[in-house]
Amino acid sequence: MKEKIWLSSPHMGGNEMKYVNEAYNTNWIAPLGPNVNGFEEDLQKYLNIGHVAALSSGTAAIHLALVLLGVKYGDEVLASSFTFSATINPITYVGATPILVDSERDTWNMCPVELERAIKDRITKGIKPKAIILVHLYGMPAKIDKLMAVANKYGIPVIEDAAEALGSKYKGKALGTYGKFGVLSFNGNKIITTSGGGALISDDKEMIEKTRFLATQARDIAPHYQHSEIGFNYRMSNIVAGIGRGQMEVVDERVAKRRENFNFYKNIFANIDEVEILEEMNNDFFSNYWLTTILLKSENKNIEDLRLEFDKENIEVRPLWKPMHLQPVFESCPAYTNGVSEKLFEIGLCLPSGSNLTDKERFRIESVLRKHFY
Ligand SMILES: *Cc1c(COP(=O)(O)O)cnc(C)c1O
């Protein structure tokens, strides 16, 4: 069996262990400490955002954002349907109902027209949605200007799920910094990783201070343990944050590598009309190209055949996210659809996109593609 080529695997920079060892040697083995503070500062500078709370996962960050916005049992929250389930699950943790909104064709992200249609219809039905969670999928910026305009028109706060979009920008401004809150993930296959972890970011200092409070069991100030609110155990550990500090030293290199992968694929597909590659619409968009994704547009070819050919060569590729309105667990949620994400799911594929892909591995990938398409 040939060696496995992963879709996106962890890629250490080298200095991670320096920070982890520091934590070990100073006995800061806790869900707080100098690495946590340092990692938060690194992210704050990199994103040019006021405040960052490092947490145990991106999912936890979304959950806390909903809690901070006061979303409760019986409320409704609008969210991108074309995403990973972690975007939607936390809506149910607070007892609210996900209202799923379809994509537009250019960026594959939430469609501003569908968003407004959904808001108007919910208001007509007597419930104004409490929040909007929009996703920048595969690192591609959503049409954030238009989405924010709709959200502001109706006064609904936005949570940007930028879990896949660290390093991506729209009009030169980091994704995650447009909404009331931004969410990051440092899971194993993301642009940088701490093995597991996430962050909630905002320009609202009070909200991020409250995030840290809620994430450490909501302890009131008192010599004994005193609680007047429900808390969570969601803080990032100082060990994990040490990995994050090492990763932040190389984040720009990682983004550059992923963009290089995209260009590698773009060249291969330059003369293949039946393949469409997801790319930036214009210079306002800057994608980290976390994953390079393609659509197979020919009627008589099946994307599953290509997936199986990669599989035979021990190369991991993956269908696009299956829309949440098609998932058994969210089937009963109201959905505002236009057919876009269903079609994308049917004909799309994610290609190996790790920042650690070697030339040899890329050669193996290219061979499969050439055999299939030429
Ligand atoms: C990875 C991911 C998350 C969740 O992040 P975790 O850190 O794994 O909890 C949320 N949304 C999207 C779009 C993701 O890809």
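Above this note sits the structure.
Residues numbered from 1 in each chain as written. Predicted model: local features only at pLDDT ≥ 70, side-chain atom pairs only at ≥ 80, totals over all residues. Heavy atoms only, no water.

Once that is clear, we can look at the overall build of the protein chain. In terms of regular secondary structure, the protein chain is built from twelve helices and 14 strands. A globule of 374 residues ought to have a C-alpha radius of gyration of about 21 Å, and the protein chain, at 21 Å, matches this closely. Taking the principal axes of the C-alpha coordinates as reference, the protein chain spans close to 70 × 60 × 35 Å. Considering the protein chain as a whole, with its 374 residues, one finds that 55% of them fall into the buried category. (Helix = DSSP H or I, 4+ residues; strand = E, 2+ residues; numbered from the N terminus. Rg over C-alpha atoms; globule rule 2.2 N^0.38 Å. Buried < 20%, exposed > 50% of the residue type's maximum accessible area, 1.4 Å probe, protein only.)

So, about the nonpolar core. Inside soluble globular proteins, nonpolar side chains tend to come together where they are buried. Ranked by internal contacts, the top residues of the largest apolar core, which has 87 residues, are Tyr138 and Phe269. Residue contributions to this core peak at seven residues, all from helix 9 (residues 251-269). Each of two domains, domain 1 (16-248) and domain 2 (251-373), supplies a minimum of three residues to this core. (Core = buried A, V, L, I, M, F, W, Y, C linked by side-chain atoms within 4.5 Å. Domains from an automatic or database assignment.)

Before going further, it helps to spend a moment on the sheet that holds strand 14 (residues 348-351). With respect to topology, three strands assemble into an open sheet ordered 10-12-14, the strand pairing being antiparallel. At either margin of the open sheet sits one strand with a lone partner, and together these are strand 10 (275-277) and strand 14. The mean angle between the axes of side-by-side strands here comes to 30°, regardless of whether they run parallel or antiparallel. As judged from the three bridges shared by strand 10 and strand 12 (residues 292-296), these two strands associate in the antiparallel manner. In the strand pairing of strand 12, isoleucine 277 is matched with isoleucine 294. Contacting strand 10, strand 12 and strand 14, helix 9 runs over the sheet at an angle of about 155° to strand 10. Contacts from helix 11 (residues 340-347) reach strand 12 and strand 14, with the element oriented near 60° to strand 14. (Pairing = 2+ DSSP bridges. Axes fitted to C-alpha atoms, helices over the stretch in contact; angles between N-to-C directions. Contact = heavy atoms within 4.5 Å.)

Not every positive phi belongs to a glycine, and asparagine 48 is a case in point at roughly 55°. Within the secondary structure, asparagine 48 sits in the loop between helix 2 (34-47) and strand 1 (51-55). You will see that alanine 218, though not glycine, has its phi angle at about 50°, which is positive. Tracing the sequence through the fold places alanine 218 in the loop between helix 7 (205-215) and helix 8 (238-248).

Scanning the model with the defined rule gives zero disulfides in all. Here cysteine 111 is not disulfide-linked; the sulfur of cysteine 333 is the nearest cysteine sulfur, at 19 Å. (Disulfide = S-S within 2.5 Å.)

Let's shift gears to the site of the ligand. The full set close to the ligand counts 15 residues, and Thr59, Asp161, Glu164, Ser185 and Lys190 are the nearest of them. Contact between the ligand and threonine 59: an oxygen atom at 2.5 Å from a side-chain N or O atom of the residue. Contact between the ligand and aspartate 161: a nitrogen atom at 2.7 Å from a side-chain N or O atom of the residue. For the ligand, the accessible surface in isolation is 380 Å², of which the surrounding protein chains cover 95%. Among the residues forming the shell around the ligand, the class breakdown is four nonpolar, eight polar and three charged. (Near = heavy atom within 4 Å. Polar contact = N/O pair within 3.5 Å; in protein donor to acceptor, adjacent residues only side chain to side chain. Areas by Shrake-Rupley, 256 points an atom, 1.4 Å probe, with all protein chains shown as cover. Nonpolar A, V, L, I, M, F, W, Y, C, P; charged D, E, K, R; others polar.)

Below, the discussion takes up helix 11. For helix 11, every residue scored as buried is listed here: Val340, Ser341, Leu344 and Ile347. Mapping the buried residues of helix 11 onto a view down its axis gives an arc of 140°, with all of them on the same face. For helix 11, the elements touching its buried residues are strand 12, helix 10 (303-312) and strand 14. (Arc of directions from axis to C-beta.)

All right, on to helix 5 (residues 112-124) then. Look at helix 5: 18 Å from first C-alpha to last across 13 residues, which is about the 18 Å you get at 1.5 Å a residue. Where helix 5 is buried, its residues touch strand 2 (76-80), strand 3 (97-101), strand 4 (131-135), helix 6 (144-154) and strand 13 (335-336). Positive phi appears at glycine 126, one or two residues downstream of helix 5, with a value of about 100°. (Expected span 1.5 Å × (residues − 1).)

Our next topic: the environment of leucine 55. Inspection of the secondary structure puts leucine 55 in strand 1. The sequence separation of leucine 55 and glycine 196 amounts to 141 residues, and the corresponding C-alpha distance is 9.4 Å. Once residues within four sequence positions are removed from consideration, leucine 55 is found in contact with Ala60, Ala61, Leu64, Gly197, Gly198, Ala199, Leu200, Thr211, Ala215, Tyr234, Arg235 and Met236.

Before going further, it helps to examine the sheet that holds strand 5 (residues 158-161). The mixed open sheet is built from eight strands, whose spatial order is 1-9-8-5-4-2-3-13. Whereas interior strands pair on both sides, the edge strands pair on one side only; in this sheet they are strand 1 and strand 13. Sheet analysis places strand 2 next to strand 3, joined by five bridges and oriented parallel. Note that in strand 3 the partner of valine 77 across the bridge is proline 98.

The next point concerns the pairing of strand 14. Taking every second residue as pointing to the same face, both faces of strand 14 are buried, with Gly348 and Cys350 on one and Leu349 and Leu351 on the other. Across four bridges, the pairing between strand 12 and strand 14 is antiparallel. Counted as the bridge partner of threonine 293 is cysteine 350 from strand 14.

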